[in-house]
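Here's the letter readout for the chains.
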Amino acid sequence: MSLDRSVTNSMPANRKKLMNRSKRRTGRRHPLATVALLALGLVFTGGAYAALSSGSVAQAEAEPTSQETIEEGKKLFQANCATCHGLDAQGNNGPSLIGVGAASVDFQVGTGRMPMQMQGPQAQVKPPQFTDEQVKQLAYYVASLGPGPDIPADHLVNGGGDAANGAELFRINCAMCHNVAGAGGALTEGKFAPALTGVSGVHIYEAMVTGPQNMPVFNDLNISPEDKRDIITYLKYVQDNRSPGGFELGSLGPVAEGLLIWIFGLGSIVAITVWITAKSN
Amino acid sequence: MSTATTRSTAPEKRSFTAAASEYVNDRTGIAVAIKGLGRKAFPDHWSFLLGEVALFSFVVVLVSGTFLTFFFQASMAEVEYDGSYVPLKGVEMSVAMASTLDISFDIRGGLFVRQMHHWAALLFVAAIGLHMLRVFFTGAFRKPREINWVFGFLLFVLAMAEGFTGYSLPDDLLSGNGLRIIDGMVKGIPLIGTWTSFLLFGGEFPGTAIVGRLYTLHILLLPALVVALIAVHVGYVFIHKHTQFAGPGRQPTNSVGPPILPIYAAKAGGFMFIIWGVISLIAAMFTINPIWNYGPYDPSPVSAGTQPDWYIGFADGALRLIPPGWEFVWLDRTWSFNILVPLIAIGIFLVLVVGYPFIEAWVKGDKREHHIADRPRNAPIRTAIGAAGVTFYAGLWAAASSDLLATHFSLTMEGVINALQATVILGPIIAYFITKRVCIALQKKDREIVLHGYESGRIVKLPGGEFIEVHQPLDEYDRWRLVSFESYEPLMIRPDARGKITAGQRLRASVSRWFFEDRIAPVTRGELEAAHSSHHAEVDTTHG
């Protein structure tokens, strides 16, 4: 649905803009023509893919989840994770991982949150301890223990969706913790919603389907895979397009603006007043 | 200036300037005014320029705001956005929001002017705040300037109102959230709250009227009041003369400094352009209020890190500091003390701010005029009260950013809130005592310097083998600066004409005792002479 809307909406806008611009650069020579073509291509391929792949379930890429991978994952798991999660991932000090799915492991381990550095209000991001291959091995081992959300397919996380729809969904569902520009925010008792800048599309998607730390789960009935893709598209847009107004001041809103005007604005002006009224020696 | 006398005798060879001046003067008689005003002296001190900063940034606000009115449409009619900003394309929003986005993305220079308007507004209120602090801490609000303090205070309140109405105009998520909080505060007032809210919003929040109404206030009523009050405020500065710090030749009856024409006017004119330059630079470099991130207002979403602009922060902080559970049902009505207590606390605070000049005059029983500004240390209690007030305000202000304090300093939100609750209640008391002690210590140091001079750092070995540090006496100009201040003593309780001591007098006496019990008197001539002679005698007899 959202695909059709985005296509129909973008068409007249593009055409209008092409006509409004100066005559020197119109049609396919227009600077935005490449972007428009690319966007259209992505929308159509994405749409076709979505239509063909029978909708809601996020399919894993055709990666061979061989027994060997799972065995490797099991070894890694028992060496690195079993202390808390139990030898068979049944849970010990930490929660049981049976049925959490590959997406959960890929998120937690892939962002460095697991293995956890220390007990605290929530697991902190740190440089990942495992290679991508090892993360996948762990993920498929855990996935083999019980059905759960899988690592999302590439077309859902590459930012090829409708940014406007994503922005609206983000404001309604995510901004109260993560801030409208994804700058992060505070939760209770030392917990926090992290900033989303620099987080890969795969990890954002996985976070939405698995609800890590204090985050709620946004399942496919709540926010459809296409809508999740749109949200990722919006976040990528915000990240790739710097603010047209200059430095963003961390996108933190009026507090950062107030600090700037008091410290640098009024600070520099007071320095100037001192200079103006200084007596020559 | 002397056109009247030169007219008859002047030969044909008159310069163009002279002719033009004469032409104008013959028709306006402006020479009298220029002669009077141009020779008015304006004392030179950096802190005396803060009010000008406010004035010049207000000019920027006025001019940039006029530009914005050409393009802003204060309507809450729904439209589908079809401008340049991709992540909002096709989103339903009000015309107000869409036109603000058009100003930002599709009107040449629009974003720059919008940012200039907003940054200049922030600077305007900040400069007013700092200017008020200067006036307070130097006692420049004393007779005859109490009324002008009140006008200045009203300007501060009007500036905040201007700021808030402007913040609410774009109808983006942030402004809508801000209005929702105001709506909640208004509805929290017993009896009249709900009626007032419905009157304000033309029905249940958010309605379709509020942006248009705020726009009228923002561009018509409030600016008119601000301009009128600025005229009165600055007019009174001319009538009263500017205060000056104590110094050689500076009397309550005179005003020492460069004359307005040409020196002061040139400086102030240049300064005006510097202020405009600073605002332009900031507006060109830093994003402010990126409404495209916030999106159109919708009553359901609230962003993390939703704050008002800095000058409303203290009110937001007050709301955040109230512990949970202060709202209860009584007589079948909800009593929102979580809202009433902050409202009352802020109300009392503001009344104390505006009323302080009158309170201090009453405590002192001082009906004289004061044109020499105090050094803050020479009025320890006033300075301490000011520091307590600043601490209280700063605690509330910081509380408005409690969530950001928590995330950026890796603290818990509850910890931040509890610490700030303590700061708001205990902080002013601690600040009061520390400031009072610091002021008195500084006064003692001044006294020491006047009596015994500066430590020169030159160590001399006396013939007897003893080392002494030579103290360098002050020159007369510096000494004048340090000794010329007034010291008040506590008022004595005296029976009135009917031989009675009223309760009011008792109160006044006790407050006066609180004010002036601990005091350092300025060095008198006698003390100075005694110190000098004894010092010399000391050197002569003991060390000589």
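Residues numbered from 1 in each chain as written. Chains lettered and ligands numbered in written order. Predicted model: local features only at pLDDT ≥ 70, side-chain atom pairs only at ≥ 80, totals over all residues. Heavy atoms only, no water.

1. With respect to the overall build of chain A
On a plain count of helices and strands, chain A comes out with twelve helices and two strands. Listed by position from the N terminus, the elements making up chain A come as α-α-α-α-α-α-α-α-α-β-β-α-α-α. Across chain A, every contact between residues at least 6 apart in sequence was considered, and the portion connecting residues at least 24 apart equals 63%. For chain A, the computed accessible surface area is about 14,700 Å², with 58% contributed by carbon and sulfur atoms. (Helix = DSSP H or I, 4+ residues; strand = E, 2+ residues; numbered from the N terminus. Contact = heavy atoms within 4.5 Å. Areas by Shrake-Rupley, 256 points an atom, 1.4 Å probe, with all protein chains shown as cover.)

2. Description of the packing of aromatic side chains
For the coordinates displayed, the defined rule picks out 40 aromatic pairs over all chains. Plain terms: the ring middles of Tyr 237 of chain A and Tyr 85 of chain B are 5.8 Å apart, the flat faces sit at 85 degrees to each other, and that makes the pair edge-to-face. A residue pair is termed interchain when its members come from two chains, as with Tyr 237 of chain A in helix 11 (residues 225–240) and Tyr 85 of chain B in the loop between strand 1 (78–80) and strand 2 (92–94). Between the aromatic rings of Trp 330 of chain B and Trp 335 of chain B, the centroid separation amounts to 5.6 Å while the plane-to-plane angle is 55 degrees, which identifies the pairing as tilted. Each residue in the set Trp 262 of chain A together with Trp 310, Tyr 311, Phe 314, Phe 349, Phe 392, Tyr 393 and Trp 397 of chain B is aromatic and connected to the rest through ring pairs, giving one cluster. The lysine or arginine in question, Lys 228 of chain A, covers the ring of Tyr 205 of chain A, its NZ or CZ lying 5.6 Å from the ring centre. (Phe/Tyr/Trp six-rings, centres within 6.5 Å; stacked < 30°, edge-to-face > 60°. Lys NZ or Arg CZ within 6 Å of the ring centre and 35° of its normal.)

3. A closer look at unusual backbone geometry
Omega for the bond connecting Met 114 of chain A with Pro 115 of chain A falls within 30 degrees of zero, at -5 degrees, which places this linkage in the cis form. Tracing the backbone shows Pro 115 of chain A in the loop between helix 5 (101–110) and helix 6 (132–145). Residue Pro 262 of chain B is bonded to the preceding Leu 261 of chain B through a cis peptide linkage, with omega at 0 degrees. Within the secondary structure layout, Pro 262 of chain B lies in helix 11 (residues 260–285). Phi is positive for Asp 171 of chain B, which is not a glycine, with a value near 60 degrees. If you trace the backbone, Asp 171 of chain B turns up in the loop between helix 7 (146–168) and helix 8 (173–187). Of note, the phi angle at Asn 289 of chain B is positive, near 45 degrees, even though the residue is not glycine. Tracing the sequence through the fold places Asn 289 of chain B in the loop between helix 11 and helix 12 (291–294).

4. Concerning the domain arrangement of chain B
Residues and elements named next belong to chain B. The assigned domain composition of chain B is domain 1 (3–38), domain 2 (312–438) and domain 3 (439–543). Distance between the C-alpha centres of domain 2 and domain 3: 33 Å. Taken together, domain 2 and domain 3 are joined by five salt bridges. With a closest N to O distance of 3.3 Å, Arg 437 and Asp 518 form a salt bridge. For the interface between domain 2 and domain 3, the tally reads 20 residue pairs in polar contact (both at pLDDT 80 or more). Counting only elements with at least two residues in the side of domain 2 that touches domain 3, the list comes to helix 14 (337–364), helix 15 (380–399) and helix 17 (413–452). Split by residue class, the side of domain 2 that touches domain 3 holds nine nonpolar, five polar and eight charged. (Domains from an automatic or database assignment. Salt bridge = Lys/Arg side-chain N within 4 Å of Asp/Glu carboxyl O. Polar contact = N/O pair within 3.5 Å; in protein donor to acceptor, adjacent residues only side chain to side chain. Nonpolar A, V, L, I, M, F, W, Y, C, P; charged D, E, K, R; others polar.)

5. Notes on the pairing of strand 7 (residues 454–461) of chain B
All names here are of chain B. In terms of burial, strand 7 is a largely surface element, zero of the eight residues being buried. Direction of pairing for strand 7 relative to strand 8 (residues 467–472): antiparallel, over a ladder of six bridges. Along strand 8, the bridge assignment pairs Tyr 454 with Gln 472. Turn length for the strand 7-strand 8 hairpin, with the two strands adjacent in sequence and antiparallel, is five residues, and the turn residue Gly 465 shows positive phi of about 100 degrees. (Buried < 20%, exposed > 50% of the residue type's maximum accessible area, 1.4 Å probe, protein only. Pairing = 2+ DSSP bridges.)

6. Things to note about the nonpolar core
In globular proteins that are soluble, nonpolar side chains generally tend to be buried together. By size, the foremost hydrophobic cluster in this structure holds 127 residues, and its most contacted members are Trp 119 and Phe 271 of chain B. Broken down by element, this core gets its largest block of residues, 16 residues, from helix 6 (residues 110–137) of chain B. Core analysis: the next-biggest nonpolar cluster, separate from the first, contains 17 residues, Phe 77, Val 109, Phe 130 and Tyr 141 of chain A among them. (Core = buried A, V, L, I, M, F, W, Y, C linked by side-chain atoms within 4.5 Å.)

7. So, the side chain of Ser 57 of chain B
All names here are of chain B. Within the secondary structure, Ser 57 is located in helix 4 (residues 50–69). The exposure class assigned to Ser 57 is buried, which follows from its relative accessible area of 0%. A polar atom in the side chain of Ser 57 sits 3.2 Å from the backbone oxygen of Ala 54.

8. Some thoughts on the interface of chain A and chain B
On the chain B side, the residues contacting the 55 residues of chain A number 65 residues. If you look at where chain A meets chain B, you find zero salt bridges. At the boundary of chain A with chain B, the tally comes to 13 residue pairs in polar contact (both at pLDDT 80 or more). The set of elements that each furnish at least two residues to the side of chain A that touches chain B consists of helix 1 (2–20), helix 8 (163–173), helix 9 (175–178), strand 1 (185–186), helix 11 and helix 12 (254–277) of chain A. Counting residues per element, the side of chain A that touches chain B draws most heavily on helix 12 of chain A, at 18 residues. When grouped by side-chain class, the residues that make up the side of chain A that touches chain B number 31 nonpolar, 17 polar and seven charged.

9. Some details on a negative patch on the surface
Side chains of Glu 168 of chain A together with Glu 78, Glu 80 and Glu 92 of chain B sit close together on the surface and give a patch of like negative charge. Residue classification places Glu 80 of chain B among the partly exposed residues on the basis of a relative accessible area of 47%. (Patch = residues over 30% accessible without salt bridge, like charges linked within 9 Å, V, L, I, M, F, W, Y side chains within 5 Å. Lys, Arg positive; Asp, Glu negative; His and termini not counted. Charge placed at Lys NZ, Arg CZ, Asp CG, Glu CD.)

10. Thoughts on the pattern of salt bridges
Close approach of charged atoms allows side chains with opposite charge to pair. All names here are of chain B. Tallied over the entire structure, the rule returns 25 salt bridges over all chains. Between Asp 44 and Lys 267 there is a salt bridge, and its shortest N-O distance comes to 3.5 Å. With Asp 44 in the loop between helix 3 (30–38) and helix 4 and Lys 267 in helix 11, this pair connects stretches of sequence that are 223 residues apart. The exposure class of Lys 267 is partly exposed, given its relative accessible area of 28%.

11. Observations concerning the environment of Pro 170 of chain B
Residue and element names in this part refer to chain B. Turning to its location among the elements, Pro 170 is positioned in the loop between helix 7 and helix 8. A sequence separation of 71 residues divides Pro 170 from Ser 99, and the C-alpha atoms of the two residues are 8.2 Å apart. Residues within four places of Pro 170 in sequence aside, it is in contact with Phe 72, Ala 96, Met 97, Thr 100, Ser 175 and Ile 291.

12. Comments concerning the pairing of strand 5 (residues 333–336) of chain B
All names here are of chain B. Here four bridges tie strand 4 (residues 327–330) to strand 5, and the two strands are oriented antiparallel to one another. When the bridges of strand 5 are listed, Phe 328 appears paired with Trp 335. The hairpin formed by strand 4 and strand 5 contains two residues between the paired strands, and Leu 331 there has a positive phi angle of roughly 55 degrees.

13. Comments concerning helix 12 of chain A
For helix 12 of chain A, built from 24 residues, the straight-helix expectation of 34 Å at 1.5 Å per residue is met to within 8% by its first-to-last C-alpha distance of 32 Å. Along its length, helix 12 of chain A shows its largest kink, about 30 degrees, at Ile 261 of chain A. (Expected span 1.5 Å × (residues − 1). Bend = angle between axes of the 7 residues up to and from the residue.)

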